[in-house]
Every structure is written in structure tokens, then in C-alpha cells.
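Secondary and tertiary structure notes
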Amino acid sequence: MTEQIKSGQEILDEFFSQITNINGVDKDVAEAVLKLYKEGKLTNTNLSNELSCIRDKK
């Protein structure tokens with residue numbers, strides 16, 4: 001029981017830093033989500049716009 005409990009922010013940071021390595025997740029989508037998270041712009045509207053751009057490119 002000596003393991004330190006992670007904060008919510010630490011858990012989110014860890015998840016988003018590993019999102020590109022998750023099996024079954026499209027690389028472009030993962031990178032777009034990660035970019036928005038790092039910029040502090042991960043909102044429904046921004047994510048929808050990014051996904052729309054990715055669909056248009058493909």
C-alpha cells in the first residue's frame with residue numbers, strides 16, 4: 001500500500017499520452033484527440049470539426 005494515488009489530471013495525462021498506442025484506434029483520430037487535449041481545446045465542437053476534416057481527407 002505504498003503506491004501513491006494518482007490525481008485525475010495524472011490519469012488523464014497518462015491516458016492521452018498512450019492514446020496513439022491503443023489497438024483499434026485510428027492513428028489520425030488519436031493524434032487529433034491528443035493535439036486538442038494538449039492545447040486545452042478538447043471540446044465537442046473542436047473534436048467534431050477535427051473528425052470531419054479527417055473524414056474529408058480520407
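Computed from a prediction, not measured in an experiment: that's the story for all the values here. In every chain, residue numbers begin from 1 and rise along the written sequence. pLDDT decides what is reported in this predicted model: residues at 70 or higher carry local features, side-chain atom pairs at 80 or more are listed and counted, and totals for whole chains, interfaces and linings draw on all residues regardless. Only hydrogens and water are set aside when side-chain values are computed; all heavy atoms of the structure are taken into account.

Residues forming no salt bridge and having over 30% relative accessible area are the ones grouped into patches, like charges within 9 Å of each other and nonpolar side chains (Val, Leu, Ile, Met, Phe, Trp, Tyr) within 5 Å. The Shrake-Rupley method, run with a 1.4 Å probe, gives the accessible areas here. Residue values count only the displayed protein chains as cover. We count a salt bridge whenever a side-chain nitrogen from Lys or Arg sits within 4 Å of a carboxyl oxygen from Asp or Glu. Taken together, Phe15, Ile22 and Val25 make up a surface patch of nonpolar side chains, about 220 Å² in accessible area. What counts as a helix is a DSSP run of H or I of at least four residues, what counts as a strand is a run of E of at least two, and both are numbered from the N terminus. If you trace the backbone, Phe15 turns up in helix H1 (residues 8-18). With relative accessibility at 41%, the residue Phe15 sits in the partly exposed group. Three labels apply to residues, based on accessible area from a 1.4 Å probe with only protein chains included: buried if under 20% of the type maximum, exposed if over 50%, partly exposed otherwise in between.

Another aspect to go through is the packing of aromatic side chains. Centres within 6.5 Å make a pair out of two Phe, Tyr or Trp rings, where for Trp the six-membered ring is used; the pair is then stacked when the planes are under 30 degrees apart, edge-to-face when over 60, and tilted otherwise. Applying the stated rule across the entire model yields two aromatic pairs. Here the aromatic rings of Phe15 and Phe16 are separated by 5.1 Å at their centres, their planes lie at 80°, and the arrangement is edge-to-face. Measuring from ring centre to ring centre gives 4.1 Å for Phe16 and Tyr37, while their planes differ by 15°; the resulting arrangement is stacked. With a gap of 21 residues between them, Phe16 in helix H1 and Tyr37 in helix H2 (residues 27-39) connect regions that are remote in the sequence. Aromatic ring contacts, followed pair by pair, group Phe15, Phe16 and Tyr37 into a single cluster.

Lines fitted to C-alpha atoms define the axes, with helix axes restricted to the stretch in contact, and inter-axis angles between N-to-C directions lie between 0 and 180 degrees. At a minimum axis separation of 10 Å, H2 and helix H3 (residues 44-57) run at an interaxial angle of 150°. In this view, H2 runs roughly antiparallel relative to H3, as classed from their interaxial angle. Two packed elements cross with a definite hand, and for H2 against H3 that hand is right-handed. Contacts between H2 and H3 involve Asp28, Val29, Ala32, Val33, Lys35 and Leu36 from the former and Asn46, Leu47, Glu50, Leu51 and Ile54 from the latter. Put simply, Ala, Val, Leu, Ile, Met, Phe, Trp, Tyr, Cys and Pro go in the nonpolar bin, Asp, Glu, Lys and Arg in the charged bin, and everything else, Gly too, in the polar bin. For the contact of H2 with H3, the residue count by class is seven nonpolar, one polar and three charged. Under this scheme an angle from 65 to 115 degrees is roughly perpendicular, one under 35 degrees roughly parallel, and one over 145 degrees roughly antiparallel; angles in between are oblique. Left-handed describes a crossing whose near helix is turned anticlockwise from the far helix through less than a right angle; right-handed describes the clockwise counterpart. We call two residues in contact when some of their heavy atoms are within 4.5 Å.

With the rule as written, the count across this model stands at four salt bridges. Here Lys58 makes a salt bridge to Asp26, at a shortest N to O gap of 2.8 Å. Of this pair, Lys58 sits in the segment after H3 while Asp26 sits in the loop between H1 and H2, and the two are 32 residues apart along the sequence. On the basis of relative accessibility, which here comes to 33%, the residue Asp26 falls in the partly exposed class. Lys58 is the salt-bridge partner of Asp28, the closest N and O atoms lying 3.6 Å from each other. Here Lys58 lies in the segment after H3 and Asp28 lies in helix H2, a separation of 30 residues in the sequence. The exposure class assigned to Lys58 is exposed, which follows from its relative accessible area of 62%.

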